[in-house]
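# Descriptive structure summary
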Amino acid sequence: MKIRVNGEAVVIAQPISLTGLLEQIEIDPRTVAIELSGEVIPRAEFSNVQVQSGDSVEVVRFVQGG
Amino acid sequence: MTSSELTPREIERYSRHLILPEIGSSGQRKLKETRVLVVGAGGLGSPLTMYLAAAGIGTLGLVDFDQVEASNLHRQVLYTESDIGRPKLTAAIERLAGVNPHTECVPHPVKLDRTNALEIIERYDIVVDGTDNFPTRYLVNDACALAGKPNVYGSIFRFEGQVSVFSAATGPCYRCLFAEPPPAELVPSCAEGGVLGVLPGIIGSLQANEVIKLAAGIGDSMIGRLLLFDALRMRFHEVKLKKNSNCPLCSATPSITELIDYQQFCGVTNEADLEPVANVPPPTAAKWLEERTAGLLDVRTKEERDIAQIAGAISIPIGQLEQRLQELDTSKRWIVHCHKGPRSTRATRTLASSGFADVFNLDGGIDAWSQEVDPTIARY
């Protein structure tokens, strides 16, 4: 099944938690904020929230430099 | 003639703005009446201040307390070779006076903190975040929300950039997206991870564009939108942001109603406050290595080792240290070094808590070694 991550298609085998998705795309969950269907998901909820086929996920890295 | 009316010299200077229907004389007068505070006169601050001054912003405040270093110059185009060692604000204000003598530049040579932020920010209409660390980013966000000022946000790392306008009165703030900071050691700074020199030129210019639109009251601002930029892939991606009803700062029931301790909130320990297990000055370390009474562990990245290295050091980047401890003899005395000390200080603690009894931090890192022991080693 297909989802969109930052606007690009990503294939997942089955519904997956946000933690599982981040693992699949090799991103440390402590270094990003996530929006799922327009809602910001608290970091503590990443392992409880499931991504389904057709979902749109925005993964925003913490960036401090200037 | 009121102070915001344009003089003949200003009319000549701004003529390409004045003939734009969207700006015109009234828009240009608004720019002249606007007071903008740029926090951070570094990579983002360079294009920001130069374009804002050139555009005719009337009052430009700058906050920075650093001095110009050689390693700034690949991206901080506000400064030149001859500025190395000078206070940034002294050099910046000279340069900006040449860019546009009609803009009044106000230096704030302080470290922005909870005791001075509101007092400084209240004197301006728009605040621009060009800082280089999370505690100051949360501070700027909170102070802007409390003072009711828009915060034109930009940040950069390696090849990636972000831009938005946080305006708690009408849209989301930084905390609506980034409610809690990341663990301090997981997100490197540009000094640790590097940054493409042109990147702040792109992101800072986008911030300047947002400031000019806000000041002139034109166009669609980036309030409620976050732009992600990837310079390697040359790709822009926009994320819609909305006010978070659980935001601790700008929701209807905020838990943050005054400025807090941002170092503590971000779990950041000041470099000076970090306590290594023990420090060894470079000359003493050199003696131990010569006598073969200690081993040397380098916890920097491969790229940093390619720039400069101390002969005989074992390389384990700090991110791999916990997994590779078995490569090191616990019974031996170890000297750990990085570039300037923070990472090796953390590494000494990792070693000490893993059964290493005789561990020292090379005080000042390879940078101090270059100055005190071997000047042929490049400084970076």
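Quick note: structure is the one above.
Read on for a plain summary of the structure.

## Some thoughts on the packing of aromatic side chains
For the coordinates displayed, the defined rule picks out 10 aromatic pairs over all chains. Note on B:Tyr153 and B:Tyr174: the rings are 5.5 Å apart at their centroids and 45 degrees apart in plane angle, and the pair reads as tilted. In this pair, B:Tyr153 is assigned in strand 5 (residues 151–157) and B:Tyr174 in helix 8 (residues 174–177), connecting sequence segments 21 residues apart. The exposure classification of B:Tyr153 matches that of B:Tyr174, with both residues buried. Counting every residue linked through ring pairs, the aromatic cluster contains A:Phe62, B:Phe134, B:Tyr138, B:Tyr153, B:Phe166, B:Tyr174, B:Phe178 and B:Phe265. The lysine or arginine in question, B:Arg333, covers the ring of B:Trp288, its NZ or CZ lying 4.1 Å from the ring centre.

## Description of the interface of chain B and chain A
Counting from both sides, the interface comprises 40 residues of chain B and, opposite them, 21 residues of chain A. Regarding the contact of chain B and chain A, the summed buried area is about 2,400 Å², with carbon and sulfur atoms giving 55% of it. Counting the contacts that link chain B with chain A gives 4 salt bridges. Of the charged contacts, one joins B:Arg235 and A:Glu8 as a salt bridge, the two residues approaching to 2.9 Å between their closest N and O atoms. At the boundary of chain B and chain A, one finds 20 residue pairs in polar contact (both at pLDDT 80 or more). Residue assignment for the side of chain B that touches chain A shows that the elements contributing at least two residues are helix 7 (134–147), strand 5, strand 6 (160–166), helix 8, strand 7 (225–230) and strand 8 (235–240) of chain B. Of all the elements, strand 5 of chain B adds the most residues to the side of chain B that touches chain A, at 5 residues. Among the residues making up the side of chain B that touches chain A, the classes are represented as 21 nonpolar, 11 polar and 8 charged.

## Structural notes on the side chain of B:Arg305
Locating B:Arg305 in the fold gives a position in helix 13 (residues 302–307). Setting aside chain neighbours within four positions, we find B:Arg305 in contact with B:Asp298, B:Arg300, B:Ala313 and B:Ser315.

## A short note on the packing of helix 4 (residues 45–55) of chain B against helix 10 (residues 199–216) of chain B
The angle between the axes and the distance between the axes are what describe a pair of packed helices. Residue and element names in this part refer to chain B. The N-to-C vectors of helix 4 and helix 10 enclose an angle of 35 degrees; their axes lie 8 Å apart at closest approach. For the pair helix 4 and helix 10, the sense of crossing is right-handed. Counted together, Pro-47, Leu-48, Tyr-51, Leu-52 and Ala-55 of helix 4 and Pro-200, Gly-201, Gly-204, Ser-205, Gln-207, Ala-208, Val-211 and Ile-212 of helix 10 form the full contact between these two elements.

## A look at the environment of B:Glu33
All names here are of chain B. Note that Glu-33 resides in helix 3 (residues 24–33). With relative accessibility at 47%, the residue Glu-33 sits in the partly exposed group. As a C-alpha pair, Glu-33 and Ser-4 span 29 residues in sequence and 6.0 Å in three-dimensional space. Residues contacting Glu-33, with those up to four places away along its chain left out, are Ser-4 and Asp-125. Side chain to side chain, Glu-33 and Ser-4 meet in a polar contact 2.9 Å long.

## Thoughts on the sheet that holds strand 12 (residues 334–337) of chain B
Residue and element names in this part refer to chain B. The sheet built from 5 strands is open, its strands ordered 9-13-12-10-11 with parallel pairing. Every other strand in the sheet has two partners, leaving strand 9 (279–280) and strand 11 (314–315) as the edge strands with one partner each. Two elements, strand 9 and strand 13 (residues 359–362), share 2 bridges in a ladder whose sense is parallel. By the bridge assignment, Asn-279 is partnered in strand 13 with Asn-361.

## Details of helix 14 (residues 342–352) of chain B
Residue and element names in this part refer to chain B. Counted residue by residue, helix 14 has 8 buried out of 11 residues, so it is predominantly covered. Inspection of helix 14 places Pro-342, Arg-343, Ser-344, Thr-345, Ala-347, Thr-348, Thr-350 and Leu-351 among the buried residues, and these make up the whole buried set. Taken together, the buried residues of helix 14 touch strand 10 (295–298), helix 13, strand 12 and strand 13.

## Describing the environment of B:Glu303
Looking at where B:Glu303 falls in the secondary structure, it is placed in helix 13. For B:Glu303, a relative accessible area of 53% translates into the label exposed.

## Here we look at the environment of A:Leu18
For A:Leu18, the location among the structural elements is in helix 1 (residues 18–24). Beyond its immediate sequence surroundings of up to four residues, A:Leu18 is in contact with A:Ile34, A:Ile41, A:Phe46, A:Val49, A:Val51 and A:Val57.

## Considering the sheet that holds strand 2 (residues 8–11) of chain A
Residues and elements named next belong to chain A. In space, the 5 strands of this open sheet follow the order 2-1-7-4-5, with mixed pairing throughout. In the strand order of this sheet, the two ends are held by strand 2 and strand 5 (39–41), each with one partner. Mean inter-strand twist for the sheet, computed between neighbouring axes without regard to direction, equals 35 degrees. Where strand 1 (residues 2–5) lies against strand 2, 4 bridges are found, and the strand directions are antiparallel. Looking across to strand 2, one finds that Lys-2 is bridged to Val-11.

Definitions and cut-offs
Residues numbered from 1 in each chain as written. Chains lettered and ligands numbered in written order. Predicted model: local features only at pLDDT ≥ 70, side-chain atom pairs only at ≥ 80, totals over all residues. Heavy atoms only, no water. Phe/Tyr/Trp six-rings, centres within 6.5 Å; stacked < 30°, edge-to-face > 60°. Helix = DSSP H or I, 4+ residues; strand = E, 2+ residues; numbered from the N terminus. Buried < 20%, exposed > 50% of the residue type's maximum accessible area, 1.4 Å probe, protein only. Lys NZ or Arg CZ within 6 Å of the ring centre and 35° of its normal. Contact = heavy atoms within 4.5 Å. Buried area = accessible area lost by both parts, 1.4 Å probe. Salt bridge = Lys/Arg side-chain N within 4 Å of Asp/Glu carboxyl O. Polar contact = N/O pair within 3.5 Å; in protein donor to acceptor, adjacent residues only side chain to side chain. Nonpolar A, V, L, I, M, F, W, Y, C, P; charged D, E, K, R; others polar. Axes fitted to C-alpha atoms, helices over the stretch in contact; angles between N-to-C directions. Left-handed = near helix turned anticlockwise from the far one by under 90°. Pairing = 2+ DSSP bridges.

So yeah, pure geometry; function would need other evidence.
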